[in-house]
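Each chain is listed here by its residues.
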Amino acid sequence: MTTAVQRRETILVTGGAGFVGSHTVVELMAKGYEVVIVDNLVNSKREAVRRVEQIVGREVPFYDIDVRDEAALAKVFDAHPIGAAMHFAALKSVGESVARPIAYYRNNLDSLLVLLDAMRERDIKKFIFSSSATVYGMPERSPVDESFPLSATNPYGQSKVIAEQILRDVERADPSWRIATLRYFNPVGAHESGLIGEDPAGVPNNLMPYVAQVAVGKLEKLRVFGGDYATPDGTGVRDYIHVVDLARGHTAALDALGSRDASLVVNLGTGRGYSVLEVVRAFEAASGKKVPYEIVAPRPGDVAECYANIDAAEKLLGWRAQYGLERMCADHWRWQEMNPRGFA
Ligand code: NAD
Ligand code: WQD
């Protein structure tokens with residue numbers, strides 16, 4: 001008798017206790033991959049991994065270590081037959097990166113270099129990197145495709161631009177590397193179980209977690225940054241993507257790397273934009289709660305609209321997002337309602 005899911009290679013997932021990483025671990029395990037998580041819990045909780053284990057129904061090896069700790073990372077490689085790495089671990093707050101640039105560059109770049117070096121030493125060369133639409137800086141128009149020029153408006157974004165450059169250089173020096181650079185647009189939503197989701201520390205910076213906390217009564221009202229943009233209703237337009245779709249984009253990228261003889265750089269978005277007020281209305285409909293808001297001045301560094309050209313993802317990964325805004329809000333709300341204090 002064959003088992004339903006064939007056991008496949010072992011994937012090292014750095015930052016696997018975090019928002020995107022935890023959802024990706026669930027999708028990897030559903031596809032039969034073995035997973036090893038490395039996370040120092042600087043922006044996540046151990047409980048997230050327990051919840052992942054609850055969803056997948058088995059234990060997941062977890063190491064509470066900093067990716068930059070070479071000796072500790074070496075022990076992880078020695079203990080598991082790792083065949084590829086997905087590198088989610090990074091600090092990601094734009095505002096904090098402006099205040100603490102050294103900490104951001106050290107964390108985001110040293111972790112990348114230490115991991116790549118550990119892999120190179122062991123001849124493991126399949127690598128998936130969490131990049132971001134932030135590498136397009138302030139794009140002149142949308143949809144944004146992968147050939148647009150790269151730039152950054154803050155140290156966080158610059159750390160991703162530099163990381164991408166490092167990855168290009170690594171592959172140029174040794175073309176046997178297979179690297180997928182995945183540029184996420186705006187990940188939102190949560191696993192349909194309501195067991196895992198985004199758990200921002202303090203007051204959220206991003207729109208949907210903020211809206212969710214207004215809906216649940218933790219925050220009083222949303223401040224809409226700018227009501228006079230050249231968009232249909234004057235508010236900013238972004239390409240929100242359900243985190244489970246995003247996670248599946250990673251398993252698709254892993255499959256694609258296995259059957260390709262080159263690296264790839266792709267946008268992961270839905271290809272369609274929604275305005276801030278469309279998000280507010282969709283969230284109100286999903287939650288049955290009012291989301292009071294006021295329109296205030298635009299946030300410095302924001303563009304009017306930013307959404308992805310998704311042709312490359314379809315062509316190179318055979319992947320396309322399945323879930324629309326309604327589902328993103330419904331799943332986000334379930335997570336928020338079931339866990340008003342996050343993983344605490
Ligand atoms: P997150 O903060 O929820 O997850 C990142 C995880 O990495 C956290 O669990 C944190 O504890 C861990 N971590 C950070 N530095 C570490 C280190 N040195 N060693 C070990 N663990 C470390 O963030 P996320 O939203 O899941 O983002 C995952 C990745 O995707 C990041 O690289 C982020 O920059 C990128 N990204 C996120 C978004 C977004 O809006 N969420 C958009 C584009 C790109
Ligand atoms: C979305 C829209 C805001 C909050 C950021 C990072 C980017 C990437 C994803 C990691 C915009 C508006 C927001 C609020 C508002 N992260 N807004 N009131 O700015 O597109 O991208 O997260 O790589 O690097 O910059 O996402 O969720 O902050 O904003 O009106 O309280 O919501 O102006 O139009 P953004 P966001």
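Described in the following lines is the structure provided in the data block. These numbers were taken from a predicted model, which means no experiment stands behind them.

## Topic: the side chain of Thr251
Within the fold, Thr251 resides in helix H8 (residues 243-259). Contact partners of Thr251, with chain neighbours within four places excluded, come to Glu27, Leu28 and Lys31.

## Description of the environment of Met86
For Met86, the position within the fold is in strand S4 (residues 82-87). Sequence separation between Met86 and Leu12 is 74 residues, and the spatial gap between their C-alpha atoms is 6.2 Å.

## Looking at the site of ligand 2
Taken together, 18 residues are adjacent to ligand 2, and Ser132, Tyr156, Arg223, Arg238 and Asp302 come closest. Side-chain polar atom of Arg238 to an oxygen atom of ligand 2: 2.6 Å apart, as the coordinates give it. At 2.6 Å from an oxygen atom of ligand 2 is found a side-chain nitrogen or oxygen belonging to Asp302. Protein burial of ligand 2: of its 690 Å² of free accessible surface, 86% is covered by the chains. Among the elements that line the shell around ligand 2, the one with the most residues is strand S8 (residues 222-225), at 4 residues. Class assignment for the residues of the shell around ligand 2 results in 8 nonpolar, 6 polar and 4 charged.

## As for empty space enclosed by the protein
Left-over empty space is what a probe sized like a water molecule reveals as it rolls over the atoms. In this structure the tally under the stated criterion is 1 cavity of 30 Å³ or more. Lining of the largest cavity is provided by His87, Ala89, Ala90, Asn108, Phe129, Ser159, Lys160 and Ala163. Among the elements that line the lining of the largest cavity, the one with the most residues is helix H6 (residues 155-173), at 3 residues. Here the lining of the largest cavity is composed, by residue class, of 4 nonpolar, 3 polar and 1 charged.

## A short note on the side chain of Ser111
Position of Ser111 relative to the elements: it lies in helix H5 (residues 101-121). For Ser111, a relative accessible area of 2% puts it in the buried group. Engagement of the side chain of Ser111 in a polar contact is seen with the side chain of His87, the distance being 3.4 Å. Beyond its immediate stretch of four places on either side in the chain, Ser111 contacts Val67, Arg68, His87, Ala89 and Arg106.

## Side note on the site of ligand 1
Every one of the 28 residues lining ligand 1 counts as a neighbour, but Val20, Asp39, Asn43, Ser44 and Tyr156 are closest to it. One of the backbone nitrogen or oxygen atoms of Val42 is found 3.0 Å away from an oxygen atom of ligand 1. Contact with the protein chains removes 95% of the 820 Å² of surface that ligand 1 exposes when unbound. Elements with a minimum of two residues in the shell around ligand 1: helix H1 (19-30), strand S5 (126-132) and H6. Classifying every residue of the shell around ligand 1 by side-chain character gives 14 nonpolar, 9 polar and 5 charged.

## Describing the sheet that holds strand S14 (residues 305-306)
Spatial ordering of the open sheet is given by S12-S9-S14, a layout of 3 strands whose pairing is mixed. Strand pairing shows two members of the sheet lacking a second neighbour, strand S12 (274-275) and S14, which therefore form its edges.

## Notes on the packing of aromatic side chains
All chains considered together, the criterion is met by 4 aromatic pairs. A centroid spacing of 4.9 Å and a plane angle of 50 degrees characterise the contact between Trp335 and Phe343, whose relative ring orientation is tilted. Since its relative accessible area comes to 9%, Phe343 is described here as buried. An aromatic cluster is built from Tyr136, Phe148 and Phe185, whose rings are joined through pairwise contacts. It is Arg327 that lies over the ring of Tyr323; its NZ or CZ is 4.2 Å from the centre.

## Quick notes on the nonpolar core
The biggest cluster of nonpolar side chains holds 46 residues, and the ones touching the most others in it are Leu268 and Leu317. Among the elements that make up this core, the one with the highest residue count is H8 (8 residues). Residue contacts for Leu317: discarding those within four places in its chain leaves Gly249, Ala252, Ala253, Ala256, Leu264, Val266, Leu268 and Ala312. The next biggest cluster of nonpolar side chains, apart from the first, holds 28 residues, and it includes Val76, Ala89, Ala163 and Trp177.

## A short note on the pairing of S4
Burial of S4 is extensive: 5 of the 6 residues sit out of reach of the surface. Relative to S4, strand S1 (residues 10-14) runs parallel, the two sharing 5 bridges. If you follow Leu12 over to S4, its bridge partner there is Ala85. Two elements, S4 and S5, share 3 bridges in a ladder whose sense is parallel. Bridging across to S5, His87 finds its partner in Phe129.

## Focus on H5
A rise of 1.5 Å per residue sets the reference length of H5, with its 21 residues, at 30 Å; its end C-alpha atoms lie 30 Å apart and thus fit the reference within 8%. Listed as buried for H5 are Tyr104, Asn107, Asn108, Leu109, Ser111, Leu112, Val114, Leu115, Leu116, Ala118 and Met119. In the segment just after H5, Asp123 is the residue with positive phi, at about 60 degrees.

## Some thoughts on the environment of Gly21
With respect to the element layout, Gly21 can be found in helix H1. A sequence separation of 109 residues divides Gly21 from Ser130, and the C-alpha atoms of the two residues are 9.6 Å apart. Leaving out residues up to four positions away in the same chain, Gly21 has contacts with Val13, Gly15, Gly16 and Phe88.

Cut-offs and rules
- Residue indices begin from 1 for each chain and proceed along its sequence in written order.
- Ligands are numbered from 1 and chains lettered from A, in the order in which they are written.
- Local features in this predicted model are restricted to residues whose pLDDT is 70 or higher, and side-chain atom pairs enter the listing and the counts only when it is 80 or higher, whereas totals over whole chains, interfaces and linings include all residues.
- Each side-chain value is derived from all of the structure's non-hydrogen atoms; neither hydrogens nor water enter the calculation.
- Strands here mean DSSP runs of E at least two residues long; helices mean DSSP runs of H or I at least four residues long; both are numbered from the N terminus.
- Working rule for contacts: check all heavy atoms of both residues, and any pair within 4.5 Å makes them a contact.
- For this purpose, a residue is taken to be near a molecule or strand whenever a single non-hydrogen atom of the residue falls within 4 Å of it.
- The term polar contact refers here to a pair of N or O atoms within 3.5 Å; inside protein, the definition further demands a hydrogen-donor-capable atom paired with an acceptor-capable atom, and it admits residues adjacent in sequence only when both atoms are side-chain atoms.
- Areas reported as accessible are Shrake-Rupley estimates using a 1.4 Å probe. Residue values count occlusion only from the protein chains shown.
- Basically, the charged four are Asp, Glu, Lys and Arg, the nonpolar ten are Ala, Val, Leu, Ile, Met, Phe, Trp, Tyr, Cys and Pro, and anything else, Gly included, counts as polar.
- We place a 1 Å grid over just the protein atoms. Points where a 1.4 Å probe fits but has no way out form a cavity, open points with protein on both sides within 12 Å along at least 5 of 7 lines form a pocket, and any residue with an atom within 4 Å of a point lines it.
- Grid points are joined across faces, edges and corners, and a volume is the space filled by probe spheres set on the points.
- Exposure classes here rest on a 1.4 Å probe applied to the protein chains alone. A residue is buried below 20% of its type maximum, exposed above 50%, and partly exposed in between.
- If DSSP finds at least two bridges between two strands, the strands pair.
- A pair of aromatic rings is counted whenever rings of Phe, Tyr or Trp (Trp by its six-membered ring) have centres within 6.5 Å, and the orientation is called stacked for planes under 30 degrees apart, edge-to-face for over 60 and tilted otherwise.
- Both a distance and an angle decide whether a charge sits over a ring: NZ of Lys or CZ of Arg must be within 6 Å of the ring centre and within 35 degrees of the ring normal.
- By convention a nonpolar core is built from buried Ala, Val, Leu, Ile, Met, Phe, Trp, Tyr and Cys residues, the set being connected through side-chain atoms within 4.5 Å.
- A helix is expected to span 1.5 Å multiplied by its residue count minus one.

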